[in-house]
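Okay, here's what each chain looks like letter by letter:
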Amino acid sequence: MSRRVYLHIGAPKTGTTYLQDRLSLNAGSLADHGIHFPSRSPLVSPGLFHFRAALDLLGQDWGGEPGHAVGSWDALVKRVRRKSGSVIVSHEILAPARAEHVARAMADLEGIEVHIVYSARDLGRAVPAAWQESIKQGRRWSYRTFLRQIRRGKPWFFRAFDLPTVLATWGAGLPSERIHVVTVPQRTDPTAPKSSAGHVGATPGDPLWLRFCEACGIDPAWAPRDSTRTNQSLGVAETQLIRQLNRRLERATRREASYDALIREMLAQDELVGRASAPVRLPPTDYDWAEQVSERWIDYLQGSGVHVIGDYGDLRPVRPPEDAPWHDPDRVPARQRLKVSLDALAAMTREAAARPDPDQRFTHRMRQHAERLRGQ
């Protein structure tokens with residue numbers, strides 16, 4: 001059996017959470033058919049293993065303890081080389097890799113048929129989702145500042161989104177037929193499930209999953225278990241609340257694991273999703289720019305000979321109706337901010353009350369406070 005590795009390099013906000021979780025859920029049945037999604041051990045999820053391997057390849061820590069990912073890329077390569085058939089490596093932070101990182105990856109995988117899989121989404125959906133994701137990761141910039149930086153091509157997210165740059169870097173030296181671009185279906189596609197700006201995938205016949213299967217040589221019948229994991233969008237008020245919290249927290253706090261547990265996971269991915277706040281959208285004045293970028297991407301794909309799975313039209317932003325109001329995420333009304341803030345405070349209070357009090361330290365502090373009051 002021929003040996004292949006499919007490097008699914010992103011992009012971010014293109015349903016990668018859903019795709020990776022579905023691969024994990026079906027890892028056993030896929031392995032029975034020669035498709036492997038390796039992990040380091042039964043105690044480490046494939047998603048975490050691939051994330052650390054990507055960090056190691058890129059020489060990054062992303063807020064973890066210094067050196068926590070060192071050796072993870074080599075460990076992943078060893079597992080790739082032990083497998084026969086096909087291996088899938090997937091993480092979206094690989095998309096903006098530099099040429100030297102790609103050269104190392106190709107050298108380490110020498111002798112194996114390497115394929116690049118890149119999932120792409122139009123900027124009308126991707127940019128708002130990327131700003132929200134950056135806020136959930138602890139950033140503090142306004143939407144206006146983020147948009148200005150995106151148009152200048154500066155942030156990490158845009159380097160990951162710019163299709164021609166990503167494919168030219170990762171595809172250097174590879175035959176075009178080994179580069180697969182999966183377009184994320186538009187919400188206007190009648191076969192696609194309804195989704196928010198950051199919620200892609202979630203049905204057994206999800207077209208994104210079917211397209212990904214085609215790119216990686218998977219028969220969908222080999223992966224019957226569906227994933228319920230999504231990375232849902234926040235509205236303008238909820239995103240602004242997280243941003244204001246970030247502005248009040250020092251950098252060290254925003255890089256701790258407890259930030260991810262409390263802010264990113266509990267608030268941003270649980271308590272504050274699915275509310276009535278208006279969605280974050282691209283400003284009406286930015287659609288001309290987004291359309292120009294999409295046409296550049298499409299021209300590149302049509303002339304490159306790479307394998308495109310999906311519709312070129314998926315890469316074109318869909319303008320909202322002319323009478324649809326646009327809500328500026330940087331100007332959320334005070335009453336709306338107050339309501340969201342109180343809801344978040346209630347959620348944090350419930351979480352604090354449910355946690356054990358080691359050595360009754362909280363009770364001890366309260367008694368000390370009471371004694372001070374009595375002594376006044």
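This one's a predicted model, so the numbers in the text were calculated from it and none came from an experiment. (Residues numbered from 1 in each chain as written. Predicted model: local features only at pLDDT ≥ 70, side-chain atom pairs only at ≥ 80, totals over all residues. Heavy atoms only, no water.)

**Focus on the side chain of Asp 122**
Within the fold, Asp 122 resides in the loop between strand 4 (113-120) and helix 6 (123-136). Looking at Asp 122, the relative accessible area reads 1%, which means it is buried. A distance of 2.9 Å separates a polar atom in the side chain of Asp 122 from the backbone nitrogen of Gly 124. Leave out the neighbours within four places in its chain, and Asp 122 touches Gln 186, Asp 314, Leu 315, Arg 316 and Pro 317. (Helix = DSSP H or I, 4+ residues; strand = E, 2+ residues; numbered from the N terminus. Buried < 20%, exposed > 50% of the residue type's maximum accessible area, 1.4 Å probe, protein only. Polar contact = N/O pair within 3.5 Å; in protein donor to acceptor, adjacent residues only side chain to side chain. Contact = heavy atoms within 4.5 Å.)

**Description of the environment of Glu 113**
Its location among the elements puts Glu 113 in strand 4. Classification of Glu 113 by relative accessible area gives partly exposed; the value is 25%. Considered as a pair, Glu 113 and Ser 86 are 27 residues apart in the sequence and their alpha carbons are 9.2 Å apart. There is a polar contact of 2.6 Å between the side chain of Glu 113 and the side chain of His 115.

**Topic: the pattern of salt bridges**
Inspection of every chain in the model, using the stated rule, returns 15 salt bridges. For Glu 113, the salt bridge identified is with Arg 4, shortest N-O distance 2.8 Å. One end of the pair, Glu 113, is in strand 4; the other, Arg 4, is in strand 1 (residues 4-8), with 109 residues separating them in the sequence. With its nearest N and O atoms 2.5 Å apart, the salt bridge here joins Arg 319 to Asp 288. Taken together, the positions of Arg 319 in the loop between strand 6 (307-309) and helix 15 (334-354) and Asp 288 in helix 14 (residues 287-304) put the pair 31 residues apart, joining distant regions of the chain. We classify Arg 319 as partly exposed; its relative accessible area is 39%. Ionic contacts of the salt-bridge type, sharing partners, join the residues Lys 13, Glu 133 and Lys 136 into one network. (Salt bridge = Lys/Arg side-chain N within 4 Å of Asp/Glu carboxyl O.)

**Observations regarding the confidence of the model for the chain**
It should be kept in mind that the predicted coordinates are not to be read in detail where pLDDT is low. Summarising the model, the chain shows a mean pLDDT of 87, and 88% of its residues fall at 70 or more. Note that pLDDT drops below 50 for residues 188-203; the model gives that stretch 42 contacts with residues more than four away or on any other chain. (pLDDT = per-residue confidence, 0-100.)

**A few points about the side chain of Asn 26**
Mapped onto the elements, Asn 26 comes out in the loop between helix 1 (16-25) and helix 2 (27-31). One polar contact links the side chain of Asn 26 to the main-chain carbonyl oxygen of Arg 22, over a distance of 2.9 Å. When neighbours within four sequence positions are excluded, Asn 26 is seen to be in contact with Ala 223, Pro 224 and Arg 225.

**As for a positive patch on the surface**
A cluster of basic residues, Arg 139, Arg 140, Arg 247, Arg 248, Arg 251 and Arg 255, forms a positive patch at the surface. Here Arg 251 is to be found in helix 12 (residues 251-254). Judged by its relative accessible area of 55%, Arg 251 is exposed. (Patch = residues over 30% accessible without salt bridge, like charges linked within 9 Å, V, L, I, M, F, W, Y side chains within 5 Å. Areas by Shrake-Rupley, 256 points an atom, 1.4 Å probe, with all protein chains shown as cover. Lys, Arg positive; Asp, Glu negative; His and termini not counted. Charge placed at Lys NZ, Arg CZ, Asp CG, Glu CD.)

**Focus: the packing of aromatic side chains**
Using the criterion set out here, one finds seven aromatic pairs in the structure. Look at Trp 131 and Tyr 143: their rings are 4.8 Å apart centre to centre, the planes differ by 45 degrees, and that puts the pair in the tilted class. Within this pair, whereas Trp 131 is found in helix 6, its partner Tyr 143 is found in helix 7 (residues 143-151), the two being separated by twelve residues in sequence. Judged by its relative accessible area of 1%, Tyr 143 falls in the buried class. Ring centres of Phe 158 and Trp 289 lie 6.5 Å apart, and the angle between their planes is 35 degrees; this geometry places the pair in the tilted category. One end of the pair, Phe 158, is in helix 8 (residues 156-161); the other, Trp 289, is in helix 14, with 131 residues separating them in the sequence. Relative accessible area serves as the criterion here: at 11%, Trp 289 is assigned to the buried category. (Phe/Tyr/Trp six-rings, centres within 6.5 Å; stacked < 30°, edge-to-face > 60°.)

**Considerations on the pairing of strand 4**
Counting buried positions along strand 4 gives seven out of eight residues, so the element sits mostly inside the fold. As paired elements, strand 1 and strand 4 share five bridges and run parallel to each other. Opposite His 8, over in strand 4, you have Val 117 as the bridge partner. Both strand 4 and strand 5 (residues 179-183) contribute to a ladder of five bridges, which runs parallel. What sits directly across from Val 117, in strand 5, is His 180. (Pairing = 2+ DSSP bridges.)

**Overview of the packing of helix 1 against helix 10 (residues 207-216)**
Packed helix pairs are specified by the crossing angle of their axes together with the interaxial distance, meaning the distance between the axes. One way to put it is that helix 1 packs onto helix 10 with a least axis distance of 11 Å and a crossing angle of 65 degrees. Crossing of helix 1 over helix 10 shows right-handed handedness. Listed contacts from helix 10 to Tyr 18, Leu 19, Arg 22 and Leu 23 of helix 1 are Leu 208, Trp 209 and Phe 212. Grouping the constituent residues of the contact of helix 1 with helix 10 by class yields six nonpolar, no polar and one charged. (Axes fitted to C-alpha atoms, helices over the stretch in contact; angles between N-to-C directions. Left-handed = near helix turned anticlockwise from the far one by under 90°. Nonpolar A, V, L, I, M, F, W, Y, C, P; charged D, E, K, R; others polar.)

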